[in-house]
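Residues per chain are reported as follows:
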Amino acid sequence: MRNPESERFVREVWAAFKQEGITGVLALAADDAQWAPHSAHNRRFRSTAEYRAQLERLTAAGERVEATGTGLWSHHDIVIVRGRLRIRKRGETLEDTRMYWLFGVRDGALVRVASSPDLAGLLREVGHGDPVLAREAFIALHRDAGLEG
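About the criteria used
Residues numbered from 1 in each chain as written. Predicted model: local features only at pLDDT ≥ 70, side-chain atom pairs only at ≥ 80, totals over all residues. Heavy atoms only, no water. Helix = DSSP H or I, 4+ residues; strand = E, 2+ residues; numbered from the N terminus. Expected span 1.5 Å × (residues − 1). Buried < 20%, exposed > 50% of the residue type's maximum accessible area, 1.4 Å probe, protein only. Arc of directions from axis to C-beta. Contact = heavy atoms within 4.5 Å. Core = buried A, V, L, I, M, F, W, Y, C linked by side-chain atoms within 4.5 Å.

A.B. asks: Mind laying out the environment of Ala140, listing which residues take part and the relevant values?
C.D. replies: Position of Ala140 among the secondary structure elements: in helix H5 (residues 131-143). The spacing of Ala140 and Glu5 is 135 residues in sequence and 18 Å in space, taken between C-alpha atoms.

A.B. asks: Outline H5, supporting the account with residue identities and numerical values.
C.D. replies: Taking 1.5 Å as the rise per residue, H5 with 13 residues should run 18 Å; its terminal C-alpha atoms sit 18 Å apart, in good agreement. Considered for burial, the residues of H5 that qualify are Leu133, Ala134, Ala137, Ala140 and Leu141. Down the axis of H5, the buried side of the element spans an arc of 130 degrees, and every buried residue falls inside it. When the buried face of H5 is taken as reference, the exposed residues oriented beyond 90 degrees from it are Pro131 and Arg143. Where H5 is buried, its residues touch strand S2 (63-75), strand S3 (78-89), strand S4 (92-106) and helix H4 (119-125).

A.B. asks: Any details on unusual backbone geometry? Residues and values, ideally.
C.D. replies: Across the chain, the bulk of peptide bonds are trans and the bulk of non-glycine residues have phi less than zero. Backbone geometry at His41 places phi at a positive 55 degrees, although glycine is not the residue there. By the element assignment, His41 lies in the loop between strand S1 (29-36) and helix H3 (48-60). Positioned with a positive phi, His76 is a non-glycine residue whose angle comes to about 55 degrees. Structurally, His76 is set in the loop between S2 and S3.

A.B. asks: Describe the side chain of His75, naming the residues involved and giving the relevant values.
C.D. replies: Its place among the elements puts His75 in strand S2. His75 sits in the buried class, given a relative accessible area of 12%. Those residues in contact with His75 that sit more than four places away from it in its chain are Met1, His128 and Leu133.

A.B. asks: Kindly report on the nonpolar core, identifying the contributing residues and their values.
C.D. replies: Within the largest apolar cluster, 27 residues are counted, with the highest numbers of intra-cluster contacts made by Val10, Trp35, Tyr51, Val81, Trp101, Phe103 and Leu110. Among the elements of the structure, helix H1 (4-20), helix H2 (22-26), S1, H3, S2, S3, S4 and strand S5 (109-116) are those that each provide at least two residues to this core. Ranked by the residues each element gives to this core, the list is headed by H1, at 5 residues. Ignoring any residue separated from it by four or fewer positions in sequence, one finds Val10 in contact with Leu72, Val79, Val81, Phe103 and Val105. Listed in part, the 15 residues of the second largest apolar core include Trp73, Ile78, Leu122 and Leu133.

Pasting the structure below:
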């Protein structure tokens, strides 16, 4: 079941990212939000403060994350954004790949953020392992669920 309110909130999250970078996203997250970003190479963070500290280290080392979003889909309290991720360090591209971002939303805040090129894997991690649901999400994200709007 799609969730228009969560979709609206994630559009705000995405707009904050475009304007302020990841710092803008952190401001919309609960203190105890869980983070599993692809860029952290399987490292998980149990709080927004823990993830913020990691971001500060990476920024100080010259690493920058760029993302573009092209599709959006929701199911209950999760929203998936489809797009592309680029990681750069001192002008060199370290990674440039298609990406799915999963946002868990509760009470007007992010409670979970994860990213991976594996849509079905992201859904399995949050207890939605039904392959039919993954197929539905994939089709919607590539057909008619634009991020803008």
